[in-house]
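Here is what each chain is made of, one letter per residue.
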Amino acid sequence: MSVRNTPVAKGFTLIEVLVVVVILAVLAAAVSMSLAGGGGERQLEREAQRIEALLRYVCERAEISGRQIGVSFDPEGYFFSETEPDGWHAIKDGELRRRRWNAAMMVALSRDGIRVDTSISSPEQPQLACFSSGELTPFRLDLSAAELPSSYRIDGSPDGALTLERRDATP
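**Brief notes about the packing of aromatic side chains**
Okay, step 1: Under the definition given, this model contains 4 aromatic pairs.
Okay, step 2: Relative to Tyr78, the ring of Phe73 lies with its centre 5.9 Å away and its plane at 40 degrees, an arrangement referred to as tilted.
Okay, step 3: Classification of Phe73 as buried rests on a relative accessible area of 0%.
Okay, step 4: Aromatic pair Tyr78 and Trp101: ring centres 5.2 Å apart, planes at 45 degrees, arrangement tilted. Taken together, the positions of Tyr78 in strand β2 (residues 77-84) and Trp101 in the loop between β4 (99-100) and β5 (105-111) put the pair 23 residues apart, joining distant regions of the chain. The burial state of Tyr78 is the same as that of Trp101; both residues are buried.
Okay, step 5: Through pairs of rings, three or more aromatic residues link up here, namely Phe73, Tyr78, Phe80 and Trp101.

**A few points about the sheet that holds strand β10 (residues 162-168)**
Okay, step 1: The strand order across the open sheet built from 5 strands is β6-β5-β8-β9-β10, with neighbouring strands paired in antiparallel fashion. This sheet does not close on itself; its edge strands, each paired only once, are β6 (114-116) and β10. Strand-to-strand, the axes of this sheet are offset by a mean angle of 25 degrees, without reference to chain direction.
Okay, step 2: Sheet topology places strand β9 (residues 150-156) next to β10; 7 bridges connect them, and they run antiparallel.

**Describing a nonpolar patch on the surface**
Okay, step 1: Taken together, the side chains of Ile15, Val19, Val20, Ile23, Leu24 and Leu27 make up a nonpolar region of the molecular surface, amounting to roughly 570 Å² of accessible area.
Okay, step 2: Looking at where Val20 falls in the secondary structure, it is placed in helix α1 (residues 14-37).

**As for the environment of Arg115**
Okay, step 1: Considering the arrangement of structural elements, one finds Arg115 in strand β6.
Okay, step 2: Given a relative accessible area of 61%, Arg115 falls into the exposed group.
Okay, step 3: Not counting residues up to four positions away in its chain, the partners in contact with Arg115 are Val107, Ala108, Leu109 and Ser110.

**What about unusual backbone geometry?**
Okay, step 1: In the Ramachandran plot, Asp112 falls in the positive-phi region, its phi being about 55 degrees despite a non-glycine side chain.
Okay, step 2: Residue placement: Asp112 occurs in the loop between β5 and β6.
Okay, step 3: Located in the positive-phi region is Glu147, a residue other than glycine, with phi close to 65 degrees.

**So, the pairing of strand β1 (residues 69-74)**
Okay, step 1: Where burial is concerned, most of β1 is hidden: 6 out of the 6 residues are buried.
Okay, step 2: Burial along β1 is two-sided: Ile69, Val71 and Phe73 facing one way and Gly70, Ser72 and Asp74 facing the other are all buried.
Okay, step 3: Connecting β1 to the next strand, β2, in antiparallel fashion are 2 residues.
Okay, step 4: Relative to strand β7 (residues 128-130), β1 runs antiparallel, the two sharing 3 bridges. Opposite Ile69, over in β7, you have Cys130 as the bridge partner.

Calculation notes
- Residues numbered from 1 in each chain as written.
- Predicted model: local features only at pLDDT ≥ 70, side-chain atom pairs only at ≥ 80, totals over all residues.
- Heavy atoms only, no water.
- Phe/Tyr/Trp six-rings, centres within 6.5 Å; stacked < 30°, edge-to-face > 60°.
- Buried < 20%, exposed > 50% of the residue type's maximum accessible area, 1.4 Å probe, protein only.
- Helix = DSSP H or I, 4+ residues; strand = E, 2+ residues; numbered from the N terminus.
- Pairing = 2+ DSSP bridges.
- Axes fitted to C-alpha atoms, helices over the stretch in contact; angles between N-to-C directions.
- Patch = residues over 30% accessible without salt bridge, like charges linked within 9 Å, V, L, I, M, F, W, Y side chains within 5 Å.
- Areas by Shrake-Rupley, 256 points an atom, 1.4 Å probe, with all protein chains shown as cover.
- Salt bridge = Lys/Arg side-chain N within 4 Å of Asp/Glu carboxyl O.
- Contact = heavy atoms within 4.5 Å.

This is how it looks when you write it as structure tokens:
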């Protein structure tokens, strides 16, 4: 009896390759959907952290430069201004340039428990100020976004201390 040597197939068949591609596509879709679902939450968190970091920087810059630096919030976003001999002037470029809100962002600013109107576009006087003495206008800034269960709160105290707190909605 003769033994016939049949060649052994090496590699993958087209069907095996297609099955692997389909599995990878399903996994990629699941990962991107899970990341997209948390996108608004991450944007809100990043914006709160950005504002806190900029406020810290502004207060340090005011103390070092010996000039007051103000912060103004309006429906479009927020901007910084410096005192000049003839009044407050907006800082137009650099790290303290005007920042725009995300479309879904909601902002509530209060000082001493009294709500500050942020619906005025580009107010002449800043709503908050960092002073050259290291002091800060005490404030509370609440940031939220439509249909997100959590929000962020930034509190500023007169001694210049800032705190950022995540606040989860209670059912």
